[in-house]
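Okay, here's what each chain looks like letter by letter:
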Amino acid sequence: MTVALLSQWINDYRPQPGLLVGAYRQLMTDISRQDNAWIYIASEQQIADQLNFLLQALNAGTKTVDDFPLLGAPFAVKDNIDVAGMPTSAACPEFTYQPGKDATVIARLRAAGAIVVGKTNLDQFATGLVGTRSPFGAVVNTFNPDYVSGGSSSGSASVVARGLVCFSLGTDTAGSGRVPAGFNNIVGLKPTKGWLSTTGVVPACRLNDCVSIFAHTAADASLVASVAGGYDPLDPYSRTNPNTAPARFNPAMRFAIPDRLEFFGDTQSEEAFQRSLERLMAMGAELVAIDFSDFITLAEQLYYGAWVAERTVAVKEIFEKHPEAMDPTVRSIVAGGLNYSACDAWQAEYTRAGLSRRINQQLAEFDALVVPTSPTIHTIAEMRDEPVRYNSQFGTYTNFTNLADLSALALPADFRADGLPAGITLIAPAWHDAALGHFGSVWQNQSGLQAGATSQKLPATRPFTPNEGYVRVAVVGAHLRGMPLNHQLTDRNAVFIEETHTAETYRLYALANTQPPKPGLVRSAEGQPIAVELWDIPLARFGEFVAEIPAPLGIGTLTLNDGRSVKGFICEPCATEGATDITAWGGWKAWLARHHSA
């Protein structure tokens, strides 16, 4: 049984949730216990218990399918994230413990109807980007078993790429949620730090750890993140979304690219990335080379500076008491943290802050930074010869992201000449996750790629639309694109969504004595559809926008011709005295054009 898209799974089982029982009987039969992408596979009883929670609520009428946005969807969990009733090992058998409750993200996903089918292999203690540093064996690349899968979230990426689950959770400190996605032709969402709680996650570097999401489409990953994310008072590093970021990129997309692209002699990866850049330009994007030196310097801090001591603190007990239980390469990295003093740690933070500020200032002029997800790939045999150097190469375009407080989305892209995937990653400021996800859907819809390592071609999918954090506003006059007050929207990160019309119950007037000229929209029993533009404005900026609206105009609730209700401009009826009724023109721009031509 091949499971691919989360959206398809939900559509298939939403009409008859009872069919989930048979589906899981087949699904769990197809999962092999000899597959080392898994460390733990849920028992028959554990699957039954999860399904019973879901189906009993539906059958009792206490819940409807609308209460379960992830209705029965199978997912896998990296084995450094707690799932009640399943052991957590972080790929170190001597470290293994039995958690008494779910990690916060697991609890939220299960409450939304998702079903945990097992725990996945990883580079021990999430230390590595390779997928080979595990006593449970190296997880192989899903396209060529001679090559690495990428890590540290190796198993989570593998089971999604092969269609065993709809989505999976990884973690990402230095790129562990992105490199495996690039190597296996799937999406890897590295959300803004603090959006997804790390309560119940074995730490690697607590200040920089993120729970990440693997899926086949950006829309699926965004849906999962919307369910799993949110402030958690139990996580001291959890953050509340300030709701100031745009919902989408600008229509005239402007992307930064490094002025120095390093591929370590891998011409196949370089050629694949160049083809992806050409596709971006064909989509209308402007690509601008920027000085990449600060990014490189910051990336080096994670493993070649005092920041590595965070890893030493995270596994201090087993490192001191049972060092022989650790993978030799992981142990040597962790031991490196002992070489730094408290003074070194503070200086490292000052360095990080300065570099982060400059990086964010550079990116403020762009929608995102576009980089290769990894500059190269190596075989498992090659990794045995150079375990540290080649791992470091994989992190060239990932290590700086969390240190600079950025969000990122790894996307499937043009393949290498040898048939291996070579993805791209878009990196944007914190809380730009929605804009990244929307672009990811646009990119995938024109890519024509297969779903992971399956034979299934990705269908066109609708971008995920966040149901909170933005206000959809209908504008009718001076705030339309090209009009003099449109900047009041764009200055606040509002983005254009679509052109449409109101219901037939409105009349439009050209108001007298207004500068710049403005129309007034008034509800009327005798009216006609009026042309409007819909814009999404970040929730935190909406009040500023409304405060600039002068009387007799205001913001109310408009009804559109398709029945939707949105916020929009309305006018006090008294202002129509002395105004010109221009309803017959069907919209402000049409009236201006005909008025001026006359």
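In this text the structure is predicted, and so the values were computed from the model without any measurement.

Help me understand the overall build of the protein chain, please; the structure alone is not making it clear to me.
Within the protein chain, the regular secondary structure consists of 20 helices and 19 strands. For the C-alpha atoms alone, the extent of the protein chain along its principal axes is close to 85 × 60 × 45 Å. Counting across all 598 residues of the protein chain, residues that qualify as buried make up 59%. Taking as baseline every contact in the protein chain between residues at least 6 positions apart, the subset at least 24 positions apart corresponds to 75%. Here the protein chain carries 44 positive and 58 negative side-chain charges, and the mean point of each set is 3 Å from the other.

Can you help me understand the environment of leucine 420 in this one?
Within the secondary structure, leucine 420 is located in the loop between β10 (406–411) and β11 (424–429). Separated by 51 residues in the primary sequence, leucine 420 and leucine 369 place their C-alpha atoms 23 Å from one another. Each residue touching leucine 420, except ones within four places of it in the same chain, is listed here: Asn141, Phe143, Asn144, Tyr147, Ile377 and Phe415.

Explain the pattern of salt bridges here, please?
Going through the model one piece at a time under the given rule, you end up with 26 salt bridges. Measuring nitrogen to oxygen at the nearest pair gives 2.8 Å for the salt bridge that ties aspartate 79 to lysine 119. Here aspartate 79, found in the loop between β2 (74–78) and α4 (104–111), pairs with lysine 119, found in strand β3 (residues 115–120); they are 40 residues apart in sequence, far enough to count as distant. When sorted by exposure, aspartate 79 lands in the same class as lysine 119, which is buried. In this structure, arginine 178 and aspartate 172 form a salt bridge, with 2.9 Å as the shortest nitrogen-oxygen distance.

I tried to follow the packing of aromatic side chains on my own but got confused; where do I start?
Aromatic rings in a pair are described by how distant their centres are and how their planes are angled relative to each other. Summed over all chains, the structure comprises 21 aromatic pairs. Where phenylalanine 95 meets phenylalanine 125, the ring centres are 5.2 Å apart and the plane angle is 80°; that geometry is what we call edge-to-face. In this pair, phenylalanine 95 is assigned in the loop between β2 and α4 and phenylalanine 125 in the loop between β3 and α5 (154–161), connecting sequence segments 30 residues apart. On the basis of an interplanar angle of 75° and a centroid distance of 5.6 Å, the ring pair of phenylalanine 249 and phenylalanine 255 is categorised as edge-to-face. According to the relative accessible area criterion, phenylalanine 249 is buried, its value standing at 9%.

So what exactly am I meant to see when it comes to the domain arrangement of the protein chain here?
Many structure descriptions define interface size as the accessible area lost when the parts assemble. On domain assignment, one finds that the protein chain holds domain 1 (6–446) and domain 2 (470–594). For domain 1 versus domain 2, the separation of C-alpha centres amounts to 42 Å. Each side of the interface is counted separately: domain 1 has nine residues, and domain 2 has 10 residues. Buried surface at the junction of domain 1 and domain 2, both sides included, amounts to about 820 Å², of which 58% is carbon and sulfur. Area buried by domain 1 at its contact with domain 2 is led by Asn243, Thr244 and Arg248, which between them contribute 51% of it. Applying the counting rule to domain 1 against domain 2 returns zero salt bridges.

About the thresholds
- Residues numbered from 1 in each chain as written.
- Predicted model: local features only at pLDDT ≥ 70, side-chain atom pairs only at ≥ 80, totals over all residues.
- Heavy atoms only, no water.
- Helix = DSSP H or I, 4+ residues; strand = E, 2+ residues; numbered from the N terminus.
- Buried < 20%, exposed > 50% of the residue type's maximum accessible area, 1.4 Å probe, protein only.
- Contact = heavy atoms within 4.5 Å.
- Lys, Arg positive; Asp, Glu negative; His and termini not counted.
- Charge placed at Lys NZ, Arg CZ, Asp CG, Glu CD.
- Salt bridge = Lys/Arg side-chain N within 4 Å of Asp/Glu carboxyl O.
- Phe/Tyr/Trp six-rings, centres within 6.5 Å; stacked < 30°, edge-to-face > 60°.
- Domains from an automatic or database assignment.
- Buried area = accessible area lost by both parts, 1.4 Å probe.

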